[in-house]
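Spelled out, the chains give:
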Amino acid sequence: MAKLALRGVVKRFGDATVCDGIDLDVEEGQMVCLIGASGGGKSTLLRCINLLEVIEDGEIRLDGEDITVPGLDPQTVRSRIGMVFQSYNLFPHMTALENALLAPRLVKGQNSESDRQEIEGLFVRFGLADRMGNYPDQLSGGQQQRVAIVRALAMRPDVMLFDEITSALDPQLVGEVLDVLLQLKAEGMTMILATHEMEFARQAADKVCFLKDGKIIEEGPPSTLFTAPREADTQAFLARAIK
Amino acid sequence: MTTPKAAGLTRRQQYEAAQRRRSTLIAATSTALVVAAIIILVPMTPGWEKVQRSFFNGQTFVDTFPKLLDAFKINVMIFLWSAPAIAILGLLIALARDTKSPALFPLRIFGAAFTDIFRGIPVILTVYLIGFGIPGLGLPRPWNSPYIWGSLALILTYAAYVAEIFRSGIDSVHHSQRSAALSLGLSERQVTRYVVLPQAIRNVVPAQMNMLIALQKDVSLLSFIGPVEIFRQAGVFKSLLANFTPYVGAAIIFLIVTIPATRYADYLMAKQRKERR
Ligand SMILES: Nc1ncnc2c1ncn2[C@@H]1O[C@H](COP(=O)(O)OP(=O)(O)OP(=O)(O)O)[C@@H](O)[C@H]1O
Ligand SMILES: [Mg+2]
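Residues numbered from 1 in each chain as written. Chains lettered and ligands numbered in written order. Predicted model: local features only at pLDDT ≥ 70, side-chain atom pairs only at ≥ 80, totals over all residues. Heavy atoms only, no water.

- Chain B is annotated in an unreviewed UniProt entry as Amino acid ABC transporter membrane protein, PAAT family from Yoonia litorea.
- Note on chain B: under the UniProt heading Sequence similarities (unreviewed entry), the record states "Belongs to the binding-protein-dependent transport system permease family. HisMQ subfamily."
- Entered under Function (unreviewed entry) in the UniProt record, the comment concerning chain B runs "Part of the binding-protein-dependent transport system for glutamine; probably responsible for the translocation of the substrate across the membrane." (UniProt positions renumbered as here; feature names shortened; annotations may be inferred.)

- By the naming in an unreviewed UniProt entry, chain A goes by Amino acid ABC transporter ATP-binding protein, PAAT family and is assigned to Yoonia litorea.
- Per its UniProt entry, chain A bears the Subcellular location (unreviewed entry) comment "Cell membrane".
- The UniProt entry for chain A carries the following comment under Sequence similarities (unreviewed entry): "Belongs to the ABC transporter superfamily."

**Concerning the overall build of chain A**
Right, so step 1: In terms of helices and strands, chain A carries nine helices and 10 strands.
Right, so step 2: Rg of the C-alpha trace for chain A: 18 Å, near the compact-globule value of 18 Å for 243 residues, within the 12% margin.
Right, so step 3: Dimensions of chain A, computed from the C-alpha atoms along their principal axes, are close to 55 × 45 × 35 Å.
Right, so step 4: Buried positions account for 54% of the 243 residues belonging to chain A.
Right, so step 5: For chain A, long-range pairs separated by at least 24 residues make up 65% of all intrachain contacts whose partners lie at least 6 apart in sequence.
Right, so step 6: In the form shown here, chain A has an accessible surface area of approximately 10300 Å², with 46% of it arising from carbon and sulfur atoms.
Right, so step 7: In chain A, the 25 positive side-chain charges and the 36 negative ones have mean positions that sit 1 Å from each other. (Helix = DSSP H or I, 4+ residues; strand = E, 2+ residues; numbered from the N terminus. Rg over C-alpha atoms; globule rule 2.2 N^0.38 Å. Buried < 20%, exposed > 50% of the residue type's maximum accessible area, 1.4 Å probe, protein only. Contact = heavy atoms within 4.5 Å. Areas by Shrake-Rupley, 256 points an atom, 1.4 Å probe, with all protein chains shown as cover. Lys, Arg positive; Asp, Glu negative; His and termini not counted. Charge placed at Lys NZ, Arg CZ, Asp CG, Glu CD.)

**Quick word on the side chain of R151 of chain A**
Right, so step 1: Secondary-structure assignment places R151 of chain A in helix α5 (residues 141-153).
Right, so step 2: Within the buried set, R151 of chain A has no salt-bridge partner at all; the shortest N-O distance to an opposite charge, 11 Å, is to E98 of chain A.
Right, so step 3: Excluding residues within four positions of it along the chain, R151 of chain A makes contact with Y88, N89, L90, F91, N99 and A100 of chain A together with A180 and L184 of chain B. (Salt bridge = Lys/Arg side-chain N within 4 Å of Asp/Glu carboxyl O.)

**Looking at the sheet that holds strand β1 (residues 4-13) of chain A**
All names here are of chain A.
Right, so step 1: If you trace the four strands from one edge of the open sheet to the other, you get β2-β1-β4-β5, paired in antiparallel fashion. The sheet is open, and its two borders are formed by β2 (16-26) and β5 (65-66), each paired with just one other strand.
Right, so step 2: Here β1 runs beside strand β4 (residues 57-62); their pairing, made up of five bridges, is antiparallel. The residue bridging V10 from the neighbouring strand is D57, located in β4.
Right, so step 3: Sheet strands touched by helix α1 (residues 42-49): β1, β2 and β4. Its angle to β1, the strand with the most contacts, is close to 115°. (Pairing = 2+ DSSP bridges. Axes fitted to C-alpha atoms, helices over the stretch in contact; angles between N-to-C directions.)

**Looking at the UniProt feature "domain: ABC transporter" (unreviewed entry) in chain A**
Right, so step 1: Mapped onto this structure's residue numbering, the UniProt feature "domain: ABC transporter" (unreviewed entry) falls at residues 4-238 of chain A.
Right, so step 2: Secondary structure content for residues 4-238 of chain A is 37% helix and 26% strand, while the C-alpha to C-alpha distance between its ends is 27 Å.

**Here's the deal with the state of the cysteines**
Residues and elements named next belong to chain A.
Right, so step 1: In this structure the tally under the stated criterion is zero disulfides over all chains.
Right, so step 2: Sulfur of C33: no disulfide; nearest cysteine sulfur belongs to C209 and is 8.9 Å away.
Right, so step 3: A relative accessible area of 0% means that C33 is categorised as buried.
Right, so step 4: You can see C48 has no disulfide; the closest cysteine sulfur is in C19, sitting 4.7 Å from it.
Right, so step 5: Note on C48: relative accessible area 0%, which makes it buried. (Disulfide = S-S within 2.5 Å.)

**Section: empty space enclosed by the protein**
Empty space among the atoms becomes apparent when a probe as large as a water molecule is rolled across them.
All names here are of chain A.
Right, so step 1: Counting across every chain of the model gives two cavities of 30 Å³ or more.
Right, so step 2: Here the largest cavity is characterised by a volume of approximately 60 Å³.
Right, so step 3: In this structure, the largest cavity is lined by F162, E164, I165, T166, L178, L181, L193, A194, T195 and E197.
Right, so step 4: Residue assignment for the lining of the largest cavity shows that the elements contributing at least two residues are α6 (171-186) and β8 (190-194).
Right, so step 5: Considered as a void within the structure, the second largest cavity measures approximately 40 Å³ in volume. (1 Å grid on protein atoms, 1.4 Å probe; cavity = no way out; pocket = protein on both sides within 12 Å on 5 of 7 lines; lining within 4 Å. Points joined across faces, edges and corners; volume = space filled by probe spheres on them.)

**A short note on the site of ligand 1**
Residues and elements named next belong to chain A.
Right, so step 1: Every residue lining ligand 1 is accounted for by F13, V18, A37, S38, G39, G40, G41, K42, S43, T44, E164 and H196.
Right, so step 2: For ligand 1, an oxygen atom lies 2.4 Å from a polar atom in the side chain of S38.
Right, so step 3: A distance of 2.7 Å separates an oxygen atom of ligand 1 from a polar side-chain atom of S43.
Right, so step 4: In the complex, the protein chains occlude 57% of the 630 Å² of accessible area that ligand 1 would expose alone.
Right, so step 5: With three residues, α1 is the single largest residue contributor to the shell around ligand 1.
Right, so step 6: Grouping the amino acids of the shell around ligand 1 by side-chain chemistry returns three nonpolar, seven polar and two charged. (Near = heavy atom within 4 Å. Polar contact = N/O pair within 3.5 Å; in protein donor to acceptor, adjacent residues only side chain to side chain. Nonpolar A, V, L, I, M, F, W, Y, C, P; charged D, E, K, R; others polar.)

**Section: the confidence of the model for chain B**
All names here are of chain B.
Right, so step 1: Across chain B, the average pLDDT comes to 89, with 97% of residues at 70 or higher.
Right, so step 2: Mean pLDDT values for the elements of chain B range from 85 in helix α2 (residues 48-55) up to 95 in helix α7 (residues 175-183).
Right, so step 3: Scored as a whole, the predicted complex attains pTM 0.85, and scored at its interfaces, ipTM 0.94. (pLDDT = per-residue confidence, 0-100.)

**Considerations on the pairing of strand β9 (residues 207-212) of chain A**
All names here are of chain A.
Right, so step 1: The buried fraction of β9 amounts to five of the six residues, a majority that puts the element mostly inside the structure.
Right, so step 2: One ladder, built from four bridges, connects strand β3 (residues 31-35) with β9; its direction is parallel. Of the residues in β9, the one forming a bridge with L34 is C209.
Right, so step 3: As paired elements, β9 and strand β10 (residues 215-220) share five bridges and run antiparallel to each other. Among the inter-strand pairings, L211 is bridged to a residue of β10, identified as I216.
Right, so step 4: The loop that links β9 with its antiparallel partner β10 comprises two residues; one of these, D213, has a positive phi angle of about 45°.

And the structure:
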């Protein structure tokens, strides 16, 4: 059984259909990359999975359980699915450590010294040990994004969603954030990435999906999708994206 | 060839220093001229002798000033209990107006009506209506005190304005903050309480400072329904001594409080604008 399974997911904003019947299976421990031109619906799809958007049709199953049943409490689902955003979205009035402690404390009541040490351990693991006491505006973009990842991991999610998390970074800072993703992959985290980093997707992804106008036009392992794309749209996109 | 440097300054720095000296000189000269004109011209006006005697009488000033200071304590007292009540009520109304839950819809309507009504009536009218109206119901002591109902009038009026400022603060927090907090599993309430409000409140501190300054002045409106605060006390002295100097004394006491507060609010504003950039 797939860890995460999407069936016929439809999302509209007014007249615009932004997700137009998306089917997607993500196996436990897989890294799936969503690629495609701007406006293709990558961010919206991730937001639907995290229930930040309510879908119009279809279903999303996490461990076989439909999480899009109307009336279901989105809080419990969201605490199992972590999400990291392009613009970091750290809480500016809290230190890096406070950012990461907030949700475990409020949602899971994790308040003890050992809970705290466990979360501090995440900072250490991702090279942020000496940055825990800093406020977001005292951190570089790369550090902020790593703190955002730690903040999401602090909830011990089953699945992580990453929405173009390196797009706002200076080129020399991209590497340190991608390294974190590789580390997570090695630890067996199930991940979905919307990304413009084609080289990274080619090397690290288990599966790549090309999205256009709210549809998955083509999907497959990076070895075939990047070297021998079947669809004309995919070929055109890759020709532009990889120079 | 190298450019000659005076006192280690670059050519540009020398030029800017000269410019600064020039501006200072011009500003000083024009200020001196205006002040001189006032000092020379005003005493030449036909009514000056009379005005000086009735507004700037040194002896009257010295005699009445301590009593005015005493009366000002009443202003401070009313201010001190009204301000926290305004902050709390204003925040509650702001939250009520932004609530999305259908069960709380009546609250939303109430919040909107509240702000419309109390922002739409002159403060002095509200003070009269509540300050005379409610004690007129024949309530027993101490419930007929104008202190209570006058303060309530101020609290209601100011809460309406303060609520709108809080709402603008809530709007100023980017919606991506809400998304991030929700994605961590926080409830709507927790998002508001721990993520949005702390940022919103901090963003509006300078604006709320200005409301506090305005409130400090408007406390004097309560004099119309009874409390002998500083304005009323000055009025008593005016009648007693047939002299307006106590009003000048009162104005000076207000300025001693409000000028530093205004400067501080401006400083906070400027600092915040800088941080935004
Ligand atoms: N809240 C919204 N209301 C209306 N339209 C929206 C909303 N969010 C997204 N859209 C529209 O949905 C479409 C897909 O947007 P989305 O952000 O998912 O694309 P994307 O693939 O992530 O693009 P990018 O690579 O630029 O991030 C766009 O046309 C966008 O304008
Ligand atoms: Mg996007």
